[in-house]
Amino acid sequence: MCILEYRVDPGGSTSWTALTTLDGELAASGSTRPVHRSTLKLPEGVAAVALPAALARDHGLRAVLSNGSKHFSCLVGPES
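Residues numbered from 1 in each chain as written. Predicted model: local features only at pLDDT ≥ 70, side-chain atom pairs only at ≥ 80, totals over all residues. Heavy atoms only, no water.

Caption draft 1: Layout of the packing of aromatic side chains. Counted according to the given criterion, the structure contains one aromatic pair. On the numbers, 5.1 Å between centres and 50 degrees between planes, the contact of Tyr-6 with Trp-16 is tilted. Linking Tyr-6 in strand 1 (residues 2-8) with Trp-16 in strand 2 (residues 14-20), this pair joins segments that are ten residues apart in sequence. Tyr-6 sits in the buried class, given a relative accessible area of 15%. With a relative accessible area of 3%, Trp-16 lands in the buried category. (Phe/Tyr/Trp six-rings, centres within 6.5 Å; stacked < 30°, edge-to-face > 60°. Helix = DSSP H or I, 4+ residues; strand = E, 2+ residues; numbered from the N terminus. Buried < 20%, exposed > 50% of the residue type's maximum accessible area, 1.4 Å probe, protein only.)

What follows is the structure, encoded as structure tokens:
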């Protein structure tokens, strides 16, 4: 399982949190042109995700968590 949640802070910045059932490499890419990309290591569990500002503001981003030869698409959406 891989879920990315975001919230927009009062100052207008976006905070992202990842909830994963395994550790791995997260590859996130933006939904608009030019396409922004970021790759970072994630631990199993709940962790803050540090994305570049241009990517963090893109609430339509796509993300894949890779663990060895296995790849999992992440659900992306607003914090509930």
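Caption draft 2: Up close: the environment of Ser-29. Along the chain, Ser-29 turns up in strand 3 (residues 24-29). By relative accessible area, which is 14% here, Ser-29 ends up buried. Distance in space between the C-alpha atoms of Ser-29 and Val-49 is 13 Å, their sequence separation being 20 residues. If near-sequence neighbours (up to four positions away) are discounted, Ser-29 is found in contact with Val-35, His-36, Arg-37, Leu-55, Leu-61 and Arg-62. (Contact = heavy atoms within 4.5 Å.)

Caption draft 3: Summary view of the sheet that holds strand 1. If you trace the four strands from one edge of the open sheet to the other, you get 5-2-1-8, paired in mixed fashion. Either end of the sheet is taken by a strand with one partner, and the two such strands are strand 5 (45-49) and strand 8 (75-78). Direction aside, neighbouring strands of the sheet carry axes that sit 20 degrees apart on average. Relative to strand 2, strand 1 runs antiparallel, the two being bridged by seven bridges. In the strand pairing of strand 2, Leu-4 is matched with Ala-18. (Pairing = 2+ DSSP bridges. Axes fitted to C-alpha atoms, helices over the stretch in contact; angles between N-to-C directions.)

Caption draft 4: Up close: the pattern of salt bridges. If you walk through the whole model with that rule in mind, you get one salt bridge. One salt bridge in this structure joins Arg-7 and Asp-9, with 3.1 Å as the shortest N-O distance. A relative accessible area of 18% places Asp-9 in the buried class. (Salt bridge = Lys/Arg side-chain N within 4 Å of Asp/Glu carboxyl O.)

Caption draft 5: The sheet that holds strand 7 (residues 70-73), seen in detail. Strand order in the open sheet formed by four strands is 4-3-6-7, with antiparallel pairing between adjacent strands. Edge positions in the sheet fall to strand 4 (37-42) and strand 7, since each has one partner strand and no second. For this sheet the average axis-to-axis angle between neighbouring strands, irrespective of direction, equals 20 degrees. Both strand 6 (residues 62-67) and strand 7 contribute to a ladder of four bridges, which runs antiparallel. Across the sheet, Ser-66 pairs through a bridge with His-71, a residue of strand 7.

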